Amino acid sequence: FFILPSMWLHQTYYIFGILFLVYLILVLTCAEITIVLCYFQLCGEDYRWWWRSFFTSGSSALYVFMYSAFYFATKLDITRTVPTVMYFCYMGLLSLGFLMITGTVGFVSCLGFVRAIYGSVKID
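This structure is a prediction, so every number in the text was calculated from the model and none was measured. Residue numbers run consecutively from 1 along every chain, following the written order of its sequence. In keeping with the predicted nature of the model, local features appear solely for residues at pLDDT of at least 70, side-chain atom pairs appear and are counted solely at 80 or more, and the whole-chain, interface and lining totals rest on all residues. Just so you know, side-chain values use all the structure's heavy atoms and leave hydrogens and water out.

(A) Representation of a nonpolar patch on the surface. A cluster of nonpolar side chains, Val82, Met86, Tyr90, Leu93, Leu96 and Met100, forms an exposed patch at the surface whose accessible area comes to about 610 Å². Secondary structure counts use DSSP, requiring at least four H or I residues in a row for a helix and at least two E residues in a row for a strand, with both numbered from the N terminus. Relative to the helices and strands, Met86 is located in helix 5 (residues 81-119). Only residues whose relative accessible area exceeds 30% and that form no salt bridge are eligible for patches; like-charged ones are grouped when within 9 Å, while nonpolar side chains (Val, Leu, Ile, Met, Phe, Trp, Tyr) are grouped when within 5 Å. Only the protein chains shown count as covering a residue, and every accessible area follows the Shrake-Rupley method with a 1.4 Å probe. Each reported salt bridge corresponds to a side-chain nitrogen of Lys or Arg within 4 Å of a carboxyl oxygen of Asp or Glu.

(B) Quick look at the pattern of salt bridges. Per the stated rule, a full pass over the model turns up two salt bridges. Notably, a salt bridge pairs Asp46 with Arg48, separated by 3.3 Å at the nearest N-O pair. Classification of residues uses two cut-offs on accessible area relative to the type maximum, computed with a 1.4 Å probe and protein chains only: under 20% is buried, over 50% is exposed, and between them is partly exposed. On the basis of relative accessibility, which here comes to 16%, the residue Asp46 falls in the buried class. When its relative accessible area of 54% is taken as the criterion, Arg48 is described as exposed. Residue Arg52 is joined to Asp46 by a salt bridge in which the shortest nitrogen-to-oxygen separation is 3.5 Å. For Arg52, a relative accessible area of 46% translates into the label partly exposed. Because the salt bridges share partners, they merge into one network encompassing Asp46, Arg48 and Arg52.

(C) Examining helix 2 (residues 16-43) more closely. What a helix should span is 1.5 Å times the count of its residues minus one. The end-to-end C-alpha separation of helix 2 is 41 Å, in line with the 40 Å expected for 28 residues at 1.5 Å each. Along helix 2, the residues classified as buried are Cys30, Ala31, Thr34, Cys38, Gln41 and Leu42. Close packing links the buried residues of helix 2 with helix 3 (50-58) and helix 5. Just past helix 2, the residue Glu45 takes up positive phi, approximately 60°. The criterion used for residue contact is that any of the two residues' heavy atoms lie within 4.5 Å.

(D) How the structure looks around the packing of aromatic side chains. For Phe, Tyr and Trp, rings pair up if their centres lie within 6.5 Å, where Trp contributes its six-membered ring, and each pair is then called stacked (planes under 30 degrees apart), edge-to-face (over 60) or tilted (otherwise). Counted under the stated rule, the structure contains 15 aromatic pairs. With a centroid separation of 6.3 Å and an interplanar angle of 75°, the aromatic rings of Tyr39 and Phe113 are classed as edge-to-face. Note that Tyr39 is positioned in helix 2 and Phe113 in helix 5, a separation of 74 residues in sequence. A residue is classified by how much of its surface remains accessible, and Tyr39, at 42% relative accessible area, is partly exposed. Measuring from centroid to centroid gives 5.2 Å for Phe54 and Phe55, while their planes differ by 85°, and the two rings are edge-to-face. Residue Phe54 is classed as buried on the basis of its relative accessible area of 13%. Residue classification places Phe55 among the partly exposed residues on the basis of a relative accessible area of 44%. An aromatic cluster of at least three residues, connected via ring pairs, comprises Tyr63, Tyr67, Phe70 and Tyr71.

Read these as geometric descriptors, not functional statements.
Below is the structure:
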């Protein structure tokens, strides 16, 4: 809510403690959702969980990009072509970085989960 105005409207962002708390909640939520969906996938005997675990939690980047398009249409007063292209390129790169961060969190948590459940299986 306050991040985009501080980036594009030159307003000061000063609530870094709450931002860190929200980041921790995001990491925890991405990990939990990815583990649950990976478990359902493994129960269905589908072993190809690697990329799906990455894109499950990384799909939140699509929401970030869609919100940035909504923010552009409702809050910003940009009418020229070059600033519009620059805005969407920057927000696309930001969304790609968000995809990499949340996708990595989902993949690492799912990898730990799969190693934990298959590490306890004893083969005699």
